[in-house]
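For reference, the chains in residue letters:
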Amino acid sequence: MDTASYNESAGVGADSSPRNERWSTRHVEDLFDSPFNDLLHRAHTVHRRHFDPNAVQLSTLLSVKTGGCPEDCAYCPQSARYRTGVADEELLSLEQVSAAARLAKANGATRFCMGAAWRGPRQRELERVMEMVRAVRAEGLETCATLGLLKEGQAEQLKAAGLDYYNHNLDTSPEFYGEIITTRTQDDRVQTLARVRRAGIHVCCGGIIGMGETRRTRAALIAQLAAMEPYPESVPINNLVQVEGTPLHGTAPLDPLEFVRTIACARITMPKAMVRLSAGREAMSEAIQALCFFAGANSIFYGEKLLTTGNPDVEQDRALFAKLGLRPRQ
Ligand code: SAM
Ligand code: DTB
Ligand code: SF4
């Protein structure tokens, strides 16, 4: 296929068009299937059009409620159904959360994301998280929370407390979803995302790859994210962190270049979103991370821990940024 016809079939121009429904799974598959250099050149061109290519946003994660989750997500070390060595802990205190936020800010993070191993929050739990949101804002950070499914009215309460972003992932394509999670449907997730959007909270929504899915599944996930109206402000792309005891432990690892391709496809189809190179960086070489930044990733999780698993430490990331001439986005 010559370049012109390839561009046509892949929907060139969609990056400047609000009509994201043009990105069918087939179109995104065409992107995935294109030569690596063509794909990266295109993604980087889109990236430069909308962002400073040398600035990367830093979010720090804190697990405010760890373990004991009733859900059965096959990738997750926090599900009570799997023996992974992650204990069921109490909700952290306000003081613990404030101290972690202060440290994150001192290290250069601009956003603080609080995660809870719940199916969804009960009213009392929501109120505790709302206090945490206020405390984190008081430290001068943007706030994000990921608490599971939200019931009617809960997103409005979080908004009133000052929550800036809510993270809730589609995780994978509708076809593959049932092999990964049976305790809640993708429609449940879509409903929560709609509630978040309606409440005026920014949407952070992405997925996980490296779970044994096909390229078509990855393309379908990206197409589904890009078809959201509007598409998410923030798109985390997680590479499965394999944890012993979870059903997905032992899955054949994803080719790292396929991870880079997924980032590029997210950038091309959601040109103005922050694309986050999320879980899985600890196992990734510097060269692959550099390719991800070139392909349009412009956000990372920063700090030595994700929720329960490891992440590169702050010194390592500072050294990588210095090597690549990257700087934290203010
Ligand atoms: N319990 C809430 C929920 O699931 O909505 C919030 C926290 S949950 C840990 C947030 C996201 O982390 C999941 O949707 C999934 O995409 C990601 N995640 C969890 N375990 C992971 C793993 N082992 N590797 C990569 N990503 C993971
Ligand atoms: C997201 O998409 N990735 C983050 C965040 N949202 C909450 C979580 C990654 C978790 C990795 C496994 C763990 O540390 O438990
Ligand atoms: Fe629970 Fe969230 Fe883990 Fe699923 S991903 S088991 S809902 S903590």
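Residues numbered from 1 in each chain as written. Chains lettered and ligands numbered in written order. Predicted model: local features only at pLDDT ≥ 70, side-chain atom pairs only at ≥ 80, totals over all residues. Heavy atoms only, no water.

Visitor: Residues and numbers for the overall build of the protein chain, please.
Guide: A count of helices and strands for the protein chain gives 12 helices and 10 strands. If you line up the protein chain on its principal axes, its C-alpha atoms span 60 × 40 × 40 Å. Counting all 330 residues of the protein chain, 58% fall into the buried class. Of the contacts formed within the protein chain by residues at least 6 apart in sequence, a portion of 74% connects residues at least 24 apart. The averaged location of the 40 negative side-chain charges in the protein chain is 4 Å from the averaged location of its 38 positive side-chain charges. (Helix = DSSP H or I, 4+ residues; strand = E, 2+ residues; numbered from the N terminus. Buried < 20%, exposed > 50% of the residue type's maximum accessible area, 1.4 Å probe, protein only. Contact = heavy atoms within 4.5 Å. Lys, Arg positive; Asp, Glu negative; His and termini not counted. Charge placed at Lys NZ, Arg CZ, Asp CG, Glu CD.)

Visitor: Help me get a handle on the pattern of salt bridges, residues and values and all.
Guide: If you walk through the whole model with that rule in mind, you get 21 salt bridges. A salt bridge links Asp52 to Arg327; its shortest N-O distance comes to 2.3 Å. Taken together, the residues Asp52 in the loop between α3 (36-50) and β1 (55-65) and Arg327 in strand β10 (residues 327-328) connect sequence positions 275 residues apart. Of the charged contacts, one joins Asp164 and Arg137 as a salt bridge, the two residues approaching to 3.4 Å between their closest N and O atoms. Separated by 27 residues along the polypeptide, Asp164 in the loop between α6 (154-161) and β4 (165-167) and Arg137 in helix α5 (residues 123-138) bring together distant segments of the chain. Under the relative-accessibility criterion, Arg137 is labelled partly exposed at 42%. Because the salt bridges share partners, they merge into one network encompassing Asp33, Glu213, Arg215, Arg218 and Glu258. (Salt bridge = Lys/Arg side-chain N within 4 Å of Asp/Glu carboxyl O.)

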